[in-house]
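Chain residues, written in single-letter form:
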Amino acid sequence: AMRLLIDTDTAGDDAFSLLLALRNPKVQLDAITICHGNVTFDQCVENALYTVEAAGRSGEVPVYPGARLPMMRKPLDAAYVFGKDGMSDANYPPAKQRPETRHAVDAIIDTVMAHPGEVTIIAQAPLTNLALAVMKEPAIAQAAKHLWIMGGTDNAVGNVTSAAEFNFYVDPEAAKIVVNAGFKASLLTWTRSMVEGVITSAELDAIAALDTPVSRFFTRVNRDSLAFSRDRQRIDGSIHPDALTCACALDESLVLEAEDCVVDVETAGTLTRGYSSVSSAILPDAADADPDLAPQVPNMRVIKRADRDGFVRMM
Ligand code: BDR
Ligand code: CA
């Protein structure tokens, strides 16, 4: 089995990423850790617990509450995309399973250090929990098998500002710490999400037509973000950055093109807060001309094209 830990601000698409992991018999989901983000913190915790139950796995996967605030910035949510409760205002009752008392940061460290070289992490929220975990135990970067991050862009067209994607915008300091921490890591950007992360209306209809408890859950929870992407982004379908990231992590054959890149995050800019700088590498000529442009070593694999049809089939 593939050992997995998912760090999530559970609302909307986060729940579908959890479903992919929870319903895959080859995945051993060791922990779900919760970070502030999409909706109020306690609601993100409840949404994760409810999703575990909706997947038929109640009591089997622990949910650990983590950081309630970004490191230095004011918190920001995305209730305007996912509804006040993050689940398109389905207002589900509290799940039977309750959150763990151990903190998410300790759960991340303990899970990774207990199984060196085995645990894949999917980070699909602002990166506060992961950054704090690295600060408390830097050895997790080497000990983790792989870190998948949903965040940033590789063309500077964001979804919060023109420069930045939500997860990196909300806690840019945390994102900067994590991308530079030395993980073996892959980045799935908002740029890719807008292309290969789209499930079309016709495909959504096909999922709804399955009419199983899980497909009904999916369709109900997806309602608000579908309306948002149709009205505001003029896309005939809904956008699934977190689920696409999870799909690629679970099935590497969905990665069609990727490139090792130098990735960093802007923390000092105002217009560019949370901008992700993604470059193939600094050209040696440019480095000769300007000593500030020292040649850099790639620190992440950036996904440049994923298999959209394969992703939709998995969903
Ligand atoms: C990311 O931001 C959140 O709103 C989504 O859950 C996803 O992780 C997309 O920018
Ligand atoms: Ca998310």
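Here the structure is a predicted model, which is why all the values come from computation and not from measurement.

S.K.: Would you mind showing me how to read the overall build of the protein here?
M.R.: The number of helices and strands found in the protein is 15 helices and eleven strands. In terms of overall dimensions, the protein is globule-like: its C-alpha atoms have a radius of gyration of 18 Å, near the 20 Å expected for 315 residues. Taking the contacts inside the protein whose residues are at least 6 apart along the sequence as the reference set, 81% of them involve residues at least 24 apart.

S.K.: I keep staring at helix H1 (residues 13-22) and nothing clicks. Help me out?
M.R.: Given 3.6 residues per helical turn, the α-helix brings residues three or four places apart onto the same face. Counting buried residues in H1 gives ten out of ten residues, a clear majority hidden from the surface. Residues of H1 that are buried: Asp 13, Asp 14, Ala 15, Phe 16, Ser 17, Leu 18, Leu 19, Leu 20, Ala 21 and Leu 22.

S.K.: Is there a simple way to explain unusual backbone geometry in this structure?
M.R.: Note on backbone geometry: most residues besides glycine have negative phi, and most peptide bonds are trans. The phi dihedral of Asp 89 falls on the positive side, at around 50°, and the residue is not glycine. Within the secondary structure, Asp 89 is located in the loop between helix H3 (79-82) and helix H4 (104-114). Even without a glycine there, the phi angle at Asn 91 is positive, about 50°. A residue is classified by how many C-beta atoms lie within 10 Å of it, and Asn 91, with 9 of them, is exposed.

S.K.: Would you explain the site of ligand 1 in this entry?
M.R.: What surrounds ligand 1 is a group of 13 residues, the closest being Ala 78, Glu 165, Phe 166, Pro 241 and Asp 242. For the shell around ligand 1, the secondary structure elements donating two or more residues are H1, helix H7 (166-170) and helix H13 (241-250). Here the shell around ligand 1 is built from residues that sort into five nonpolar, four polar and four charged.

S.K.: Please explain the sheet that holds strand S3 (residues 63-65) as it appears in this structure.
M.R.: Sheet strands pair via backbone hydrogen bonds, and the direction of the pair is either parallel or antiparallel. If you walk across this open sheet you meet the nine strands as S3-S2-S1-S4-S5-S6-S11-S9-S10, and the pairing is mixed. The sheet is open, and its two edges are formed by S3 and strand S10 (276-279), each paired on a single side. With direction set aside, neighbouring strand axes in the sheet form an average angle of 30°. Across four bridges, the pairing between strand S4 (residues 119-124) and strand S5 (residues 146-150) is parallel. In the sheet register, Ile 121 faces S5, and the bridge partner there is Leu 147.

S.K.: Please explain the pairing of strand S9 (residues 255-265) as it appears in this structure.
M.R.: Bridge count between S9 and strand S11 (residues 300-306): six bridges; the pairing is antiparallel. Of the residues in S11, the one forming a bridge with Val 255 is Ala 306.

S.K.: What should I look at first to understand the nonpolar core in this one?
M.R.: Soluble, globular proteins show a tendency: their nonpolar side chains are buried together. Of all hydrophobic cores here, the largest spans 98 residues; its most connected members are Ala 48, Ile 108, Ala 123, Val 178 and Ala 247. The greatest single-element share of this core, amounting to eight residues, is contributed by helix H2 (residues 41-54). Beyond its immediate chain neighbours, meaning those up to four positions away, Ala 247 contacts Leu 20, Leu 254, Phe 311 and Met 314.

S.K.: Where do I start with helix H5 (residues 128-136) in this structure?
M.R.: Counting buried positions along H5 gives seven out of nine residues, so the element sits mostly inside the fold. Among the residues of H5, those classed as buried are Thr 128, Asn 129, Leu 130, Ala 131, Leu 132, Ala 133 and Val 134.

S.K.: How should the packing of helix H10 (residues 201-210) against helix H11 (residues 213-221) be read in this particular structure?
M.R.: Describing two packed helices takes the angle between their axes plus the distance from one axis to the other. As a packed pair, H10 and H11 sit with axes 7 Å apart at the nearest point and diverge in direction by 140°. Between H10 and H11, the crossing angle belongs to the class labelled oblique. Judged by residue contacts, Ile 207, Ala 208 and Leu 210 of H10 engage Ser 215, Phe 218 and Thr 219 from H11. Split into classes, the residues belonging to the contact of H10 with H11 amount to four nonpolar, two polar and no charged.

Reading guide: rules and limits
- Residues numbered from 1 in each chain as written.
- Chains lettered and ligands numbered in written order.
- Predicted model: local features only at pLDDT ≥ 70, side-chain atom pairs only at ≥ 80, totals over all residues.
- Helix = DSSP H or I, 4+ residues; strand = E, 2+ residues; numbered from the N terminus.
- Rg over C-alpha atoms; globule rule 2.2 N^0.38 Å.
- Contact = placed C-beta atoms within 7 Å.
- Buried ≥ 20, exposed ≤ 12 C-beta atoms within 10 Å, placed from the backbone.
- Near = placed C-beta within 6 Å.
- Nonpolar A, V, L, I, M, F, W, Y, C, P; charged D, E, K, R; others polar.
- Pairing = 2+ DSSP bridges.
- Axes fitted to C-alpha atoms, helices over the stretch in contact; angles between N-to-C directions.
- Core = buried A, V, L, I, M, F, W, Y, C linked by C-beta atoms within 7 Å.
- Parallel < 35°, antiparallel > 145°, perpendicular 65-115°, else oblique.

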